[in-house]
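Results of the structural survey
Residue strings, one per chain:
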Amino acid sequence: MELPAGWVWARLGDLLREPLRNGHSARSTKEAGGVRTLSLSAVTQDDFSDRNTKITVADPSRVSDLWLEAGDILIQRSNTPELVGTSAIYRGSDGWAIFPDLLIRVRLDSRVNSQYVALFLRSPRARSYFKSRAKGLAGSMPKIDQAAINGLEIPLPPVAEQDRIVEALEGHLSRLDAAVATVRRSRKRLTNLRKSVLLDLVPEKVPDSWAVSTVGQAGTVQLGRARHPDWHHGPEMRSYLRVANVFEDRVDTSDVMEMDFSGIFEKYRLHPGDVLLNEGQSPHLVGRPALYHGTPPNVAFTNSLLRFKANPDVMPEWALMVFRRHLHARRFMREVRITTNIAHLSSKRLKDVEFPIPSLDVQKQLVMRCDESLAAIDAMDREAARTLARADNLRRAILNRAFTGALVPQDPADEPAAALLARVEAERAAQPKPKRTRRMPAEPQKAKSPEVSAPAPSPTPAPTHSVQQEFDL
């Protein structure tokens, strides 16, 4: 990428006042005299959160150089592939807290605008760089090391332009963040509205004209076939659905697997009208139901799912409504058993769950009303999701313009960034290399008490001079 006049490419490691520093992890404590320590979740994609802290028994003699200063940037060195390298700037009081081992501190030269660098670390270019440099063994969280962070190339403008970019960006992003927060609140209200529709149409106290039954009496419940390595190959390979395919009122067929069903396929074969429920899931999602409409055809199901086949006096669509009602009312959560952080809903426990049965005419009316109401809610939710996607595109566009010199005008009178970089490099070269000394055991000393530590960081004030611009997506 060609940079504007006065800009220069600089390695992050060449802009540091101090070497990168990993934090220190220690167990939590409720006793007085502990050390306030950030949690990994204090650093989010949106910003730094001062609420996510804990008190630990960290040895003060080992963490004396880990106390945060305003302007420090914290980077997550381990997370999912999409989130590894997530960063945020600390704007609070010096010495308020230390940081854990899963965070890396970036402390920049005072002549570099730390907010400019922090905003660049949120850009698509930096996020893509960290994702590509993350390493990890199969089944483990990918990690980035200090060498990768030091090697990140940053488009560095003159100092005065850095300040102008930060001011403009904070204005644009603050308005965008406010809009996104509003849309997210709207989606949460839609979720509550969807729940209220189901609770109203399938009430807990049913009318006297309705029959009060159980799931086991309203139809048959069957657990799917267990998976086994011996059945990965065989003479009768068949497609099957599993928990990853069944969402609320939706069967995802983008990733359907196969195994051998020799001699038993008909037992586990799905038929249109079957209701599938998640047998094993996180507690609030266990029992998540969907109606199988016949697509894909000729498929079976595994023991991560339960199948409900309705009796003649129960419409499959009504059964789906009842199960969705129980999901949102968290009725299934009262029946689960948890093993290794996974909640399980056994067929025996599912059979005992209450199942109201009105007449077929009433079922049809209620199903129609439910479909109309939920269709309107789903349409609003899809529009909200599209709005959030457009906001993400706009955010990327703004950040891209900022770090290619297209957000604010250049001033030929600004000192080129190369001059600043040369001074930083010269001063670093002139400094004597520190001698390595053997650390001696320190005398026990009183730990910093959280009761007398500095107050939590105050909110960042809104920019006073913002640049209003429009961007084409």
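For the structure, see preceding data.
To start, this report covers the structure provided alongside it.

1. What about the nonpolar core?
Within the largest apolar cluster, 46 residues are counted, with the highest numbers of intra-cluster contacts made by Ile73, Val106, Tyr116, Val117, Ile149, Leu152 and Leu169. Once residues within four sequence positions are removed from consideration, Val117 is found in contact with Leu12, Ile73, Leu108, Val112 and Ile154. In this structure, Leu198, Phe323, Phe332 and Ile357 belong to the second largest nonpolar core, which totals 38 residues.

2. Here's the deal with the sheet that holds strand 6 (residues 87–89)
An order of 2-7-5-6 is seen for the four strands of this open sheet, with the pairing classed as antiparallel. Each edge of the open sheet is held by one strand with a lone partner, namely strand 2 (21–22) and strand 6.

3. Re helix 2 (residues 124–133)
Every α-helix carries 3.6 residues per turn, so stepping three or four residues along brings you back to the same face. Those residues of helix 2 lying buried are Ala126, Arg127, Tyr129 and Phe130. Looking straight down helix 2, one finds that the buried residues subtend no more than 160° of arc, so they occupy a single side. Those residues of helix 2 hidden inside the fold are in contact with strand 5 (73–76), helix 1 (114–120) and helix 3 (146–150).

4. Some details on the packing of aromatic side chains
Applying the stated criterion to the full structure yields 11 aromatic pairs. Relative to Phe403, the ring of Phe120 lies with its centre 5.2 Å away and its plane at 85°, an arrangement referred to as edge-to-face. With Phe120 in helix 1 and Phe403 in the loop between helix 9 (360–402) and helix 10 (417–430), the pair connects residues that are 283 residues apart, well separated along the chain. Pair check on accessibility: Phe120 and Phe403 agree, each one buried. Summarising the aromatic geometry, the rings of Tyr268 and Phe301 are spaced 6.1 Å apart at their centres and angled 70° between planes, so their arrangement reads as edge-to-face. With a gap of 33 residues between them, Tyr268 in helix 6 (residues 265–268) and Phe301 in strand 18 (residues 299–301) connect regions that are remote in the sequence. For Tyr268, a relative accessible area of 10% puts it in the buried group. Owing to a relative accessible area of 0%, Phe301 belongs among the buried residues under this scheme. An aromatic cluster of three or more residues is present, and its members are Phe261, Phe265, Tyr268 and Phe301.

5. Some details on the pairing of strand 7 (residues 103–106)
Neither face of strand 7 is exposed, since Leu103 and Arg105 on one face and Ile104 and Val106 on the opposite face are all buried. In terms of strand pairing, strand 2 meets strand 7 through two bridges, oriented antiparallel. Opposite Asn22, over in strand 7, you have Ile104 as the bridge partner. Of the pairings in the sheet, the one linking strand 5 to strand 7 comprises four bridges and is antiparallel in character. Residue pairing across strands places Leu74 opposite Arg105, the latter belonging to strand 7.

6. Describing the environment of Gly34
Mapped onto the elements of the fold, Gly34 is located in the loop between strand 2 and strand 3 (35–38). As for Gly34 and Pro60, which are separated by 26 residues in sequence, their C-alpha atoms are 9.1 Å apart.

7. Some points on the pairing of strand 11 (residues 237–241)
Remark: a regular strand shows side chains that alternate across the two faces of the sheet. Relative to strand 14 (residues 257–260), strand 11 runs antiparallel, the two sharing four bridges. Bridging across to strand 14, Ser239 finds its partner in Glu258. Strand direction decides the pairing type here: strand 11 and strand 18, joined by three bridges, are parallel. Bridge pairing links Ser239 to Val299 in strand 18.

8. Remarks on the layout of surface pockets
One water molecule sets the probe size; rolling that probe over the atoms shows where empty space is left. Its volume calculated, the second largest pocket comes out at about 470 Å³. Lining the second largest pocket are 19 residues, with Thr191, Arg194, Glu248, Leu327 and His328 positioned closest to its centre. For the lining of the second largest pocket, the element with the most residues is helix 4 (residues 159–201), which contributes six residues. Of the residues assigned to the lining of the second largest pocket, the class counts are four nonpolar, four polar and 11 charged.

9. Overview of the side chain of His172
Structurally, His172 is set in helix 4. Of note is the side chain of His172, whose polar atom sits 3.2 Å from the side chain of Arg175.

10. Here we look at the pattern of salt bridges
As enumerated under the stated definition, the model contains 32 salt bridges in all. In this structure, Glu236 and Arg238 form a salt bridge, with 3.7 Å as the shortest nitrogen-oxygen distance. The shortest N-O distance in the salt bridge between Asp274 and Arg307 comes to 3.3 Å. Remark: Arg307 occurs in strand 19 (residues 305–310) and Asp274 occurs in the loop between helix 6 and strand 15 (275–278); sequence separation between them is 33 residues. Linked through salt bridges whose partners overlap, the residues forming this network are Arg17, Glu18, Glu69, Asp72, Arg105 and Arg107.

11. What to know about the sheet that holds strand 16 (residues 280–281)
An order of 16-21-20 is seen for the three strands of this open sheet, with the pairing classed as antiparallel. Each having just a single partner strand, strand 16 and strand 20 (337–339) make up the two edges of the open sheet. With three bridges joining them, strand 20 and strand 21 (residues 342–344) adopt antiparallel strand pairing. Among the inter-strand pairings, Arg337 is bridged to a residue of strand 21, identified as His344.

Definitions and limits used
Residues numbered from 1 in each chain as written. Predicted model: local features only at pLDDT ≥ 70, side-chain atom pairs only at ≥ 80, totals over all residues. Heavy atoms only, no water. Core = buried A, V, L, I, M, F, W, Y, C linked by side-chain atoms within 4.5 Å. Buried < 20%, exposed > 50% of the residue type's maximum accessible area, 1.4 Å probe, protein only. Contact = heavy atoms within 4.5 Å. Pairing = 2+ DSSP bridges. Helix = DSSP H or I, 4+ residues; strand = E, 2+ residues; numbered from the N terminus. Arc of directions from axis to C-beta. Phe/Tyr/Trp six-rings, centres within 6.5 Å; stacked < 30°, edge-to-face > 60°. 1 Å grid on protein atoms, 1.4 Å probe; cavity = no way out; pocket = protein on both sides within 12 Å on 5 of 7 lines; lining within 4 Å. Points joined across faces, edges and corners; volume = space filled by probe spheres on them. Nonpolar A, V, L, I, M, F, W, Y, C, P; charged D, E, K, R; others polar. Polar contact = N/O pair within 3.5 Å; in protein donor to acceptor, adjacent residues only side chain to side chain. Salt bridge = Lys/Arg side-chain N within 4 Å of Asp/Glu carboxyl O.

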